[in-house]
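Chain by chain, the residues run as shown.
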Amino acid sequence: MGELVHFPSNGAAGQGYLAIPASGSGPGVVVLQEWWGLNNQIKEVCDRYASEGFVALAPDIYRGVATKEPDEAAKLMMSLNIEQAAKDMAGAIDFLVAHPSVTSAWVGVTGFCMGGGLALWLATLKPDEIAAVAPYYGVIAWPGAQPDYSRLQAPVQGHYAENDDSAGPDAVRALEEQLAALGKTAEFFLYPDTEHAFTNHHRPEVYAPEQAEAAWSRTLAFFREHVR
């Protein structure tokens, strides 16, 4: 359904996967990858948003590199050039907002694992262009990418796993309390009997279909309310 596109990234060229609905237009959503890279699963998420009427763009944060090996994925995540990633994500938003098929003035942002953490960070970097942010089991692994939540304007809807060593219940409560203390609008869902990456159907060892569908339905309703 989608295609590889290129867009300006602060003087360089970024790339990503763009999926447009059959209608030819719709509100914009940026989808941020897991630590594996821009793989088929993330492209399928974009396609699924397109099937629901959204124009979805997943920037290729690793710039062409992807893996199926956890050790290599961890190395890719920890060696990520955060400044370049910020430029690529910002470029993706600017490209999407200006795209002729996008009907919304602002965009929604979602992401998974590493991408969930980046989604929260991005919402503080581009507050004037992000209408809603939906992190899934977000992990922020880099000291240089800690969000300044005082800059956050978009409402947050978070989706997290009960049995998650990376972003578990304690981390969710701490983030919820931090945002509440700043007067931000946020709602977090903690899914019972789930593990990290529970919405990734390419990982049958952790995939939880019922909970994944509940998270998907909530995110769709959230974006339909806020991304116009």
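The structure we're discussing is the one just above.
Note that the structure is predicted; figures quoted are calculated from it, not measured.

Colleague: Let's hear about unusual backbone geometry: which residues, and what values?
Modeller: Positive phi, normally seen in glycine, also occurs at Cys113, with a value near 60°. Along the polypeptide, Cys113 turns up in the loop between strand 5 (102-112) and helix 4 (114-125). The exposure class assigned to Cys113 is buried, which follows from its relative accessible area of 7%. With phi around 70°, Ala197 is a residue other than glycine that occupies positive phi space. Of note, Ala197 is situated in the loop between strand 8 (186-195) and helix 6 (209-226). By relative accessible area, Ala197 is classed as buried at 1%.

Colleague: I'd love a proper account of the packing of aromatic side chains, names of residues and values included.
Modeller: Remark: the centre distance and the inter-plane angle together describe each pair of aromatic rings, the angle taken between the planes. Under the criterion given, the structure shown has 14 aromatic pairs. Measuring from centroid to centroid gives 5.8 Å for Tyr49 and Phe54, while their planes differ by 90°, and the two rings are edge-to-face. Judged by relative accessible area, Phe54 falls into the buried class, the value being 2%. Ring-pair connections join several aromatic residues into one group, and the members of that group are Phe112, Tyr136, Tyr137, Phe189, Tyr191 and Phe198.

Colleague: Lay out the pairing of strand 7 (residues 156-163) in plain terms, naming residues and giving numbers.
Modeller: Side-chain direction in a regular strand flips from residue to residue, so the side chains alternate between the two faces of the sheet. Of all the 8 residues making up strand 7, 6 are buried; the element is thus mostly covered by neighbouring parts of the structure. Where strand 7 lies against strand 8, 7 bridges are found, and the strand directions are parallel. Across the sheet, residue Ala161 finds its bridge partner in strand 8, namely Tyr191. Taking the sense of rotation as the criterion, the β-α-β connection linking strand 7, helix 5 (residues 169-181) and strand 8 turns out right-handed.

Analysis parameters
- Residues numbered from 1 in each chain as written.
- Predicted model: local features only at pLDDT ≥ 70, side-chain atom pairs only at ≥ 80, totals over all residues.
- Heavy atoms only, no water.
- Helix = DSSP H or I, 4+ residues; strand = E, 2+ residues; numbered from the N terminus.
- Buried < 20%, exposed > 50% of the residue type's maximum accessible area, 1.4 Å probe, protein only.
- Phe/Tyr/Trp six-rings, centres within 6.5 Å; stacked < 30°, edge-to-face > 60°.
- Pairing = 2+ DSSP bridges.
- Right-handed = clockwise from strand over helix to strand, strands pointing away.

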